[in-house]
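# Observations on the three-dimensional arrangement
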Amino acid sequence: EPEVTQTPSHQVTQMGQEVILRCVPISNHLYFYWYRQILGQKVEFLVSFYNNEISEKSEIFDDQFSVERPDGSNFTLKIRSTKLEDSAMYFCASSADRGRGYNSPLHFGNGTRLTVT
Amino acid sequence: GDSVTQMEGPVTLSEEAFLTINCTYTATGYPSLFWYVQYPGEGLQLLLKATKADDKGSNKGFEATYRKETTSFHLEKGSVQVSDSAVYFCALSMFSGGYNKLIFGAGTRLAVHP
């Protein structure tokens, strides 16, 4: 079964550094998402992306964050200047079509654990 | 705003025991409801879903019924196995004009011992 792949599985970076988290969504999917989970807290929506533009973003997704689909397969999340509070597990997801979830369930990757020191 | 509350874990059970993980939600409209599962070292997988009141979602022996009157979606399984050990997330989705923006609960860790 096709799956969403994320690299790296664990990223350690120093505060103030830029970091790029990479995701390869399922190949025929059209909608892409980033979620994050701070240790011990809820999984939170960050951003959704369709047709090469952001569809919706949360309050968390400020000017330090950006997303890009640089080619036909990758979907990246960039954090320009990392802060300690950016340490979290970041999940990429994709879905095939627009809908109320039951028509197009999200498929999640295994996540990238980001540690900012 | 919309939110999901689920029982704190960890939940520790012996094999073949009955499982209940409570989940309640707050929503301004009529959400779709989901249970996701995360096995160790893996991503979030959709376990089951329900889209309207009184719907029952089921998969792999797990069940949950969408109860509008109590705003609940409790997960149950009659006889758990060691392989069910994982973290379980209750979630809701509102069609807000966006896409599948899921709102998750905090997750409940289940540990099943032989």
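Residues numbered from 1 in each chain as written. Chains lettered and ligands numbered in written order. Predicted model: local features only at pLDDT ≥ 70, side-chain atom pairs only at ≥ 80, totals over all residues. Heavy atoms only, no water.

Residues and elements named next belong to chain B. Applying the stated rule across the entire model yields two disulfides over all chains. In this model Cys 23 forms its disulfide with Cys 90; the gap between the sulfur atoms is 1.9 Å. Here the S-S torsion is close to -70°, and the disulfide linking Cys 23 with Cys 90 is therefore left-handed. Linking Cys 23 in strand S4 (residues 23-26) with Cys 90 in strand S10 (residues 86-93), this pair joins segments that are 67 residues apart in sequence. With relative accessibility at 1%, the residue Cys 90 sits in the buried group. (Disulfide = S-S within 2.5 Å. Helix = DSSP H or I, 4+ residues; strand = E, 2+ residues; numbered from the N terminus. Buried < 20%, exposed > 50% of the residue type's maximum accessible area, 1.4 Å probe, protein only.)

Here the focus is the packing of aromatic side chains. The tally for this structure, following the rule as stated, stands at 16 aromatic pairs over all chains. A centroid spacing of 6.1 Å and a plane angle of 75° characterise the contact between Phe108(A) and Phe104(B), whose relative ring orientation is edge-to-face. Remark: Phe104(B) occurs in strand S11 (residues 102-104) and Phe108(A) occurs in strand S10 (residues 107-108); the pair is interchain, linking two chains. Accessibility expressed as a relative area gives 8% for Phe108(A), which makes it buried. Given the relative accessible area of 1%, Phe104(B) is considered buried. Taken together, the ring pairs in this structure connect Tyr35(A), Phe45(A), Phe91(A), Phe108(A), Phe34(B), Tyr36(B), Phe89(B) and Phe104(B) into an aromatic cluster. (Phe/Tyr/Trp six-rings, centres within 6.5 Å; stacked < 30°, edge-to-face > 60°.)

Taken as a whole and assessed by the stated rule, the structure comprises five salt bridges over all chains. A salt bridge links Arg36(A) to Glu44(A); the nearest nitrogen and oxygen atoms lie 3.4 Å apart. In this structure Arg36(A) comes out as buried when scored by relative accessible area, which is 9%. Given a relative accessible area of 26%, Glu44(A) falls into the partly exposed group. Notably, a salt bridge pairs Asp55(B) with Lys52(B), separated by 3.4 Å at the nearest N-O pair. (Salt bridge = Lys/Arg side-chain N within 4 Å of Asp/Glu carboxyl O.)

Here the focus is the layout of surface pockets. Estimated volume of the largest pocket: approximately 460 Å³. Forming the walls of the largest pocket are 24 residues, and the residues nearest its centre are Gln37(A), Gln38(B), Val87(B), Phe89(B) and Arg109(B). Looking at the lining of the largest pocket residue by residue, the classes come out as 12 nonpolar, nine polar and three charged. (1 Å grid on protein atoms, 1.4 Å probe; cavity = no way out; pocket = protein on both sides within 12 Å on 5 of 7 lines; lining within 4 Å. Points joined across faces, edges and corners; volume = space filled by probe spheres on them. Nonpolar A, V, L, I, M, F, W, Y, C, P; charged D, E, K, R; others polar.)

Core analysis: the biggest nonpolar cluster contains 27 residues, and Leu19(B), Trp35(B), Leu47(B), Leu48(B), Phe73(B), Leu75(B) and Tyr88(B) have the highest contact counts within it. No other element matches the four residues that S10(B) contributes to this core. Residue contacts for Leu75(B): discarding those within four places in its chain leaves Leu19(B), Thr20(B), Ile21(B), Trp35(B), Leu47(B), Leu48(B), Phe62(B), Glu63(B), Ala64(B) and Tyr88(B). With 21 residues, the next largest nonpolar core counts Val67(A), Leu77(A), Leu114(A) and Val116(A) among its residues. (Core = buried A, V, L, I, M, F, W, Y, C linked by side-chain atoms within 4.5 Å. Contact = heavy atoms within 4.5 Å.)

All names here are of chain A. Pairing geometry for strand S5 (residues 43-50) and strand S6 (residues 53-57), over four bridges, is antiparallel. Bridge pairing in S6 links Val 47 to Lys 57. Linkage of S5 to S6, two consecutive antiparallel strands, is achieved through a turn of two residues, within which Asn 51 is found at a positive phi near 55°. (Pairing = 2+ DSSP bridges.)

Our next topic: the environment of Glu53(A). Residues and elements named next belong to chain A. Take Glu 53: it is sitting in strand S6. On the accessibility criterion, Glu 53 (52% relative accessible area) is exposed. Measuring from C-alpha to C-alpha, the distance between Glu 53 and Ile 38 comes to 26 Å, with 15 residues separating the pair along the chain.

The values are spatial; any link to function lies outside them.
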